[in-house]
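Residues per chain, in single letters:
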Amino acid sequence: MNRSPNRPGFASALRFATELVAWVATPWALAGHSVLLAVASVVVLIALPTIFATPGDKAQVIVPVPGYVTIGLALLHMVAAAVASWLAWPLPAAVAVWILVAASVLAELPRWRRLLSTGAADRAR
C-alpha cells in the first residue's frame, strides 16, 4: 500500500468534509451581520490553504510554509466549522458537525505529527 502523504485517504476525506462545512456554515452564520464579512470569510478559508502549504504535504506549493502553519490552517477550518455550525444551524446539525470535527482531529493526528517532525528536521539543517 502506498503511504504517500499526497494519496487521498480517510483522513483526507474527513478534512475535506470539514472544510466544506466551514465554507458553508461560516458565511451562513455571518450573513445576518454582514454580507461582506460572509463573503470575506469564504475567500479567507479557501485562499489561505490554497496559497500556503508545506512542501511534501501537497503536490503543488505556491508559498512554502512550515508544518505548524499547515496545521494551524486545518485547525482554523475545524474551529470555523464547529463554531459557525453552532451559530447557524439547529442543534442536531451542529452536533453532527462537532462529531465530524472530532473525527477529523483524530484522523489528522498522524499527519500533524509528520508535519511537525518534518519541520524540526528542516530547522536542524
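Residues numbered from 1 in each chain as written. Predicted model: local features only at pLDDT ≥ 70, side-chain atom pairs only at ≥ 80, totals over all residues. Heavy atoms only, no water.

### As for the packing of helix H1 (residues 10-30) against helix H3 (residues 67-88)
No. 1: Closest axis-to-axis distance for the H1/H3 pair is 8 Å, and the angle between their directions is 45 degrees. As judged from the angle between their axes, H1 and H3 are oblique. In this structure, the crossing between H1 and H3 has a hand that is left-handed. Residues Thr18, Glu19, Val21, Ala22, Trp23, Ala25, Thr26, Trp28 and Ala29 of H1 touch H3, and the partners they reach there are His77, Met78, Ala80, Ala81, Ala84, Ser85, Leu87 and Ala88.
No. 2: Its residues assigned to classes, the contact of H1 with H3 shows 12 nonpolar, four polar and one charged. (Axes fitted to C-alpha atoms, helices over the stretch in contact; angles between N-to-C directions. Helix = DSSP H or I, 4+ residues; strand = E, 2+ residues; numbered from the N terminus. Parallel < 35°, antiparallel > 145°, perpendicular 65-115°, else oblique. Left-handed = near helix turned anticlockwise from the far one by under 90°. Contact = heavy atoms within 4.5 Å. Nonpolar A, V, L, I, M, F, W, Y, C, P; charged D, E, K, R; others polar.)

### Re the nonpolar core
No. 1: With 20 residues, the main nonpolar core has Val21, Ala81, Val97, Val101 and Trp112 as its most contacted residues.
No. 2: Within the residue set of this core, elements represented by two or more residues are H1, H3 and helix H4 (91-124).
No. 3: Among the elements that line this core, the one with the most residues is H3, at seven residues.
No. 4: Excluding residues that lie within four positions of it along the chain, Val101 makes contacts with Thr18, Met78, Ala81 and Ala82. (Core = buried A, V, L, I, M, F, W, Y, C linked by side-chain atoms within 4.5 Å. Buried < 20%, exposed > 50% of the residue type's maximum accessible area, 1.4 Å probe, protein only.)

### Focus: the packing of helix H2 (residues 35-51) against H3
No. 1: Two elements in contact, H2 and H3, have axes whose closest approach is 10 Å; the angle formed by their N-to-C orientations is 160 degrees. With respect to their mutual orientation, H2 and H3 come out roughly antiparallel. The chirality of how H2 crosses H3 is left-handed. The segment H2 lies against H3, with Leu45, Leu48 and Pro49 engaging Leu73, Leu76, His77 and Ala80.
No. 2: Taken together, the residues of the contact of H2 with H3 break down into six nonpolar, one polar and no charged.

### Focus on the pattern of salt bridges
No. 1: Summed over all chains, the structure comprises four salt bridges.
No. 2: Close ionic contact of Arg15 with Glu108 constitutes a salt bridge, the shortest N to O distance being 2.5 Å. Here Arg15 is found in helix H1, whereas its partner Glu108 is found in helix H4, with 93 residues between them in sequence.
No. 3: For Arg15, a relative accessible area of 19% puts it in the buried group.
No. 4: The salt bridge involving Arg114 is made with Asp57; its shortest N-O contact spans 3.0 Å. Highlighted residues: Arg114 in helix H4 and Asp57 in the loop between strand E1 (52-53) and strand E2 (63-64), separated in sequence by 57 residues.
No. 5: Salt bridges sharing partners connect three or more residues here, namely Arg15, Asp57, Glu108, Arg111 and Arg114. (Salt bridge = Lys/Arg side-chain N within 4 Å of Asp/Glu carboxyl O.)

### Thoughts on the environment of Val97
No. 1: Tracing the backbone shows Val97 in helix H4.
No. 2: Spatially, the C-alpha atoms of Val97 and Val21 are 7.7 Å apart, while their sequence positions differ by 76 residues.
No. 3: Not counting chain neighbours up to four residues away, the residues in contact with Val97 comprise Val21, Ala81, Ala82, Ser85 and Trp89.

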